[in-house]
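Here are the chains, one letter per residue:
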Amino acid sequence: MSMATKLDVKRDVPIPALSKAAQLRTLLESPDLSFLMEAHDGLSAKIVEEAGFRGVWASGLSMATALGVRDNNEASWTQVLEVLEFMSDATTVPILMDGDTGFGNFNNMRRLVRKLCQRDIAGVCIEDKLFPKTNSFLGHGQPLADIDEFCGKIKAGKDSQTDGDFCVVARVEALISGWGLDEALRRAEAYHDAGADAVLIHSKIATAAEILAFMKEWDNRSPVVIVPTTYYGTPTDQFRDAGISTIIWANHSLRASIKAMRETVRAIHEQESIAEVEDRIASLRDVFTLAGNAELSEAEDRYLPSTDDNVRAIVLAASRGSALGPLTEDQPKCMVDIRGQPLLRRLVSTLRESGVRDVHVVRGYRKEAVDLPNISTLDNDAYETTGEAASLACALDQIEGDCVIAYGDILFRRYILDNLLQTDGDIVVGVDAMWRERTGRTAERVRDLVQASAPFSPSYLDDEPVLLQRVAPDLAGDDISGEWVGLAKLSARGSELVCAEIASMGEDGSLATASLPDLFSRLAKHDNPPRVVYVTGHWLDVNDAFDLAKAGDFT
Ligand code: SPV
Ligand code: MG
């Protein structure tokens, strides 16, 4: 039998990267100066990692302040744990938690450490003060913990960690509390002997004198962590030269965000407008990027059921919608708010739910306002003088393969699109047979009336396809079979037919002013006319304030 050594083993599985706790241990123990940057929630933790920091300081002061409470253990330890869980999930770099005094005695410390390990928090820093603690920069000479009691807490923490690399950092408050260097050294020594992986020596004077004096005496017996909040003027190289292991920049994300938020909010309040601040704040796209929406989109492609991965949609959203008055002064009607979301965003979500993820939106009026994730945009810059067919022609290059054409001002239940996608036919249009049921729907007021080869019948058997004959505003009486819902599905052949018809409209001069009903009426004259799929309600379009109110209730 051959004696395989570790090096001989052929691995199929990649060696896992260092755990977060091992990463923190490396930062603390490496001879190079390391840095931990403060964060107080998932977002700030992401920003810290994005900037290149290799570790996060989960500051008690900052988390408390962000929660709207004081740094006096007013947030319970489980509330802090919740925040940490979001931070940990949002990042791949290690987090050192500011554990204050351990939230009680040795027993509370044991439970804290077990829970931190479960949440993949890399280490905890506890300070030798009394529960409930007060921030070190407040008051004078805060009472310190009994050394032996604090050493017991450190041991309890070390004995409870379920990850071998988890780090317990012991924070010495003797200098802050005015007990002097000797007491600081005595405590640091005791905590080191009790098993602390590093000591944090804290000082609140304006120079690094106390810290540098400590370093000289300490003589590198364990890694030393510092928090130069008050002695910020000291050049970082002095800390490097003194043999400091790790610097914590303890509260600067929080303080930066307070200033930025305050300035922006005040400006908006004073100006009663957001126009002036727009360019000074993060873009929505930035927000979505930080939130990781791109990953979600990819995951949707992997996991959501889809009828056909290659179906794309052309959404026509060039018109203003002037009947909506001031609501469409600065944005087209596709962007009006429906229960907190732009109409178009709701439409795009429904398309995506049906597996149509490649969405191309033709913009026109106030095109810059059409800015949503997960869409591509095309522009009809002549929107004021042209009609829908011309807008569709702007997307000509995208009309290929399986394709959906949709008005940009409609909302519909997903099953309607699913039905169209599942119906055989090169061009399939959705037609509402119950169009009269919608308040305000009379033949005189509806533009997209449909004449079909057969009326809707509830007992209709699916053997004889219903074919489109005309879409027009001037139909009357029995000629009206329903109202087009603004949705059509094209097969690859259907896309070719539509492109050919657009080309022929371009040649005969009718394209510029034609509507989509005009286009579909022309297609209906072909040997192979579009097929009709009847629906009975469950959709709406938004033309005026009344429709908008209805849209608010649409689910
Ligand atoms: C914190 O960031 O909460 C700290 C560091 O404990 S300090 O505020 O300097 O005490
Ligand atoms: Mg703190």
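The notes below deal with the structure included here. Bear in mind that the values here come from a model prediction, so they are computed numbers and not experimental data.

Cut-offs applied
Residues numbered from 1 in each chain as written. Chains lettered and ligands numbered in written order. Predicted model: local features only at pLDDT ≥ 70, side-chain atom pairs only at ≥ 80, totals over all residues. Heavy atoms only, no water. Axes fitted to C-alpha atoms, helices over the stretch in contact; angles between N-to-C directions. Helix = DSSP H or I, 4+ residues; strand = E, 2+ residues; numbered from the N terminus. Parallel < 35°, antiparallel > 145°, perpendicular 65-115°, else oblique. Left-handed = near helix turned anticlockwise from the far one by under 90°. Contact = heavy atoms within 4.5 Å. Nonpolar A, V, L, I, M, F, W, Y, C, P; charged D, E, K, R; others polar. Core = buried A, V, L, I, M, F, W, Y, C linked by side-chain atoms within 4.5 Å. Buried < 20%, exposed > 50% of the residue type's maximum accessible area, 1.4 Å probe, protein only. Pairing = 2+ DSSP bridges. Near = heavy atom within 4 Å. Polar contact = N/O pair within 3.5 Å; in protein donor to acceptor, adjacent residues only side chain to side chain. Areas by Shrake-Rupley, 256 points an atom, 1.4 Å probe, with all protein chains shown as cover.

## Describing the packing of helix H5 (residues 106-118) against helix H6 (residues 147-160)
Their axes nearest at 8 Å, the elements H5 and H6 cross at an angle of 30°. As judged from the angle between their axes, H5 and H6 are roughly parallel. Crossing angle aside, the handedness with which H5 passes H6 is right-handed. Here Phe-106, Met-109, Arg-110, Val-113 and Arg-114 of H5 come into contact with H6, specifically with Gly-152, Lys-153, Ala-156, Gly-157 and Ser-160. Residues of the contact of H5 with H6, tallied by class, amount to four nonpolar, three polar and three charged.

## Quick notes on the nonpolar core
In terms of nonpolar packing, the biggest core is built from 68 residues, with Leu-344, Leu-351, Leu-392, Leu-487 and Phe-520 touching the most fellow members. Setting aside anything within four residues of it in sequence, one finds Leu-392 in contact with Ile-314, Leu-316, Ile-399, Ile-405, Val-498, Ile-502, Leu-516 and Leu-519. Counting residues in hydrophobic clusters, the runner-up holds 58 residues, among them Met-97, Cys-151, Ala-174 and Met-215.

## Some details on the pairing of strand E16 (residues 427-432)
Of all six residues making up E16, six are buried, and the element is well covered by its neighbours. Side chains Ile-427, Val-429 and Val-431 project from E16 onto one buried face, and the interleaved Val-428, Gly-430 and Asp-432 project onto a second face that is buried too. With five bridges joining them, E16 and strand E19 (residues 482-490) adopt antiparallel strand pairing. Pairing of Ile-427 across the sheet is with Leu-490, part of E19. Pairing of E16 with strand E20 (residues 531-535) involves five bridges; the strand directions are parallel. The residue bridging Gly-430 from the neighbouring strand is Val-533, located in E20.

## Quick look at the site of ligand 1
Near ligand 1, the surroundings consist of Trp-57, Ser-59, Gly-60, Leu-61, Asp-98, Asn-135, Ser-136, Phe-137, Arg-171, His-202, Val-227 and Ala-250. Contacts to ligand 1 include Leu-61, whose backbone N or O atom sits 2.8 Å from an oxygen atom. Between ligand 1 and Arg-171 there is a distance of 2.7 Å, counted from an oxygen atom to a side-chain nitrogen or oxygen. Calculation on ligand 1 without its partners gives an accessible area of 280 Å², and the protein chains cover 100% of this total.

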